[in-house]
Amino acid sequence: MKILVPVKRVVDANVKVRVKADGSAVELANVKMAMNPFDEIAVEEAIRLKEAGKAEEIIVVSIGPQQAQETLRTALAMGADRAILVKTDEQTEPLGVAKVLKGVVDAEQPGLVILGKQAIDDDSNQTGQMLAALLGWAQGTFASKVVIDGDKAKVTREVDGGLQTVELKMPVIVTADLRLNQPRYASLPNIMKAKKKQLDEKSPADYGADVKPRLKVIKTEEPSGRKAGVKVKSVAELVDKLKNEAGVL
Ligand code: AMP
């Protein structure tokens, strides 16, 4: 079985993002970028399944600019076998990405696609679900455990108030939640080896898809700063403030 893992290049999770002066978008110039953290978890899960003998090949794919090849090389250094860059300079959106991924699935015929549950830049949490709908495949979203057994996948899902386990018929779409695993670091020798690996370069049109933005961003703004706290002198004052100022009692 092949496993396909889509990985997105996003602003590094440790960077404090700034909004462009004209409010059109988040500033990306000279900002450190990295693999979407949930996609690292997805790559790790694919590697673990391969190590357990459940898969023969892991293909990673990224839809984005030329620099997204760095993200793909990180995935190769972690242990993926092959990488495809679907090159575009458009700002990608879930539906366009899902359409490209459907084309990749048709061409590569994986038995399992593991995505991140969401990309931390636009927080859409839509691509996996849209891909499942386009393919007509079963989906196990927000996965914290994945067990493959023959033509069935048992996926434990993080739902409100607990865990839900579903049994799905392969092929399946899985989206990775935070507790699925702890991704490994790529070792230096593997990073060096990954630099030399050949990447397949494609365009959205090669997969019969277009990724032109369908959404119009009206405004982007930074969250307002938090108000400073106040010290109260007594429990009575605290209760009074909670009742009469915050209105929570
Ligand atoms: P989203 O629906 O945008 O929150 O993204 C969910 C998941 O879809 C991500 O964690 C990735 O696995 C995948 N994905 C989204 N956009 C891209 C992209 N441009 N290239 C590759 N994978 C993507």
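Our subject is the structure listed above.
Residues numbered from 1 in each chain as written. Predicted model: local features only at pLDDT ≥ 70, side-chain atom pairs only at ≥ 80, totals over all residues. Heavy atoms only, no water.

## What about the side chain of Glu158?
We apply this condition: Starting at the N terminus, helices and strands are each numbered in turn, a helix being any DSSP run of H or I of at least four residues and a strand any DSSP run of E of at least two. Counted as a polar contact is a pair of N or O atoms within 3.5 Å, where, for protein atoms, one must be capable of donating a hydrogen and the other of accepting one, and residues adjacent in sequence contribute only when both atoms are in side chains.
Turning to its location among the elements, Glu158 is positioned in strand E8 (residues 152–159). In terms of polar contacts, Glu158 uses its side chain to reach the side chain of Arg179, at 2.9 Å.

## As for the site of the ligand
We count it as follows: Throughout, near means a residue has at least one heavy atom within 4 Å of the molecule or strand. Surface accessibility in these figures is a Shrake-Rupley result with a 1.4 Å probe; residues are shielded only by whichever protein chains are displayed. The method works on a 1 Å grid over the protein atoms by themselves. A cavity is a set of points holding a 1.4 Å probe that cannot get out, a pocket is an open set with protein on both sides within 12 Å along at least five of seven lines, and residues with an atom within 4 Å of a point line them. Occupancy of a cavity or pocket is assigned to a molecule whenever over half of its atoms lie within 2 Å of that pocket's grid points. Residue type decides the class: Asp, Glu, Lys and Arg count as charged, Ala, Val, Leu, Ile, Met, Phe, Trp, Tyr, Cys and Pro as nonpolar, and the leftover types, Gly among them, as polar.
Neighbouring the ligand are 20 residues; Asp39, Ile63, Ala119, Asn125 and Thr127 lie closest to it. Within the backbone of Gly116, an N or O atom sits 3.0 Å from an oxygen atom of the ligand. Here the ligand, which alone exposes 480 Å², has 99% of that area covered by the protein. In this structure, the ligand is accommodated by the largest cavity. The biggest single contributor to the shell around the ligand is strand E4 (residues 57–64), with three residues. Looking at side-chain class alone, the shell around the ligand contains eight nonpolar, nine polar and three charged residues.

## Some thoughts on helix H3 (residues 94–108)
Operational definition: To estimate the expected span of a helix, count its residues, drop one, and scale the result by 1.5 Å. Throughout, exposure labels follow a simple rule: accessible area from a 1.4 Å probe, protein chains only, divided by the maximum for the residue type, with under 20% read as buried, over 50% as exposed, and the rest as partly exposed. In what follows, residue pairs with any heavy atoms lying within 4.5 Å of each other are defined as contacts.
Taking 1.5 Å per residue, 15 residues should reach 21 Å; H3 reaches 20 Å between its end C-alpha atoms and fits that length. Burial in H3 covers these residues: Pro94, Gly96, Val97, Ala98, Val100, Leu101, Gly103, Val104, Val105 and Glu108. The inward-facing, buried residues of H3 contact strand E1 (2–6), E4, strand E5 (82–87), strand E6 (112–116) and helix H4 (127–135). Directly after H3, the chain includes Gln109, whose backbone phi takes a positive value near 55°.

## Digging into the nonpolar core
Defined as follows: We call a set of buried residues a nonpolar core when its members are Ala, Val, Leu, Ile, Met, Phe, Trp, Tyr or Cys and they connect through side-chain atoms within 4.5 Å of each other.
Membership of the largest hydrophobic core comes to 38 residues, with the highest contact counts inside it found for Ile3, Val5, Val43, Val60, Leu112, Ile114 and Val174. The leading source of residues in this core is helix H1 (residues 37–51), at seven residues. Those residues in contact with Leu112 that lie beyond four places of it in its chain are Met1, Lys2, Ile3, Leu4, Leu49, Ile148, Val172 and Val174. Counting residues in each nonpolar core, the second largest holds 22 residues, with Val61, Val104, Ala132 and Trp137 among its members.

## Describing the sheet that holds E5
The following threshold applies: Note on pairing: DSSP must find at least two bridges between two strands before they are called paired. A fitted line through C-alpha atoms represents every axis, and for helices the fit uses only the stretch in contact; the resulting angles, taken between N-to-C directions, go from 0 to 180 degrees.
On the basis of which strands lie adjacent, the open sheet formed by nine strands has the order E9-E8-E7-E10-E6-E1-E4-E5-E11 and mixed pairing. Every interior strand has two partners, whereas the edge strands, strand E9 (162–169) and strand E11 (200–202), have only one. Averaged over all pairs of adjacent strands, the angle between strand axes in this sheet comes to 30°, irrespective of strand direction. Of the pairings in the sheet, the one linking E1 to E6 comprises two bridges and is parallel in character. Bridge pairing in E6 places Leu4 opposite Val113. Contacts between H3 and the sheet are confined to E1, E4, E5 and E6, with E4 contributing the most and set at about 150° to the helix.

## What about helix H2 (residues 68–78)?
Of all the eleven residues making up H2, eight are buried; the element is thus mostly covered by neighbouring parts of the structure. What H2 keeps buried is the set Ala68, Thr71, Leu72, Arg73, Ala75, Leu76, Ala77 and Met78. The secondary structure elements touched by the buried residues of H2 are strand E2 (9–11), strand E3 (33–35), H1, E4, E5 and helix H5 (188–196). Positive backbone phi, at 145°, marks Gly79, one or two positions downstream of H2.

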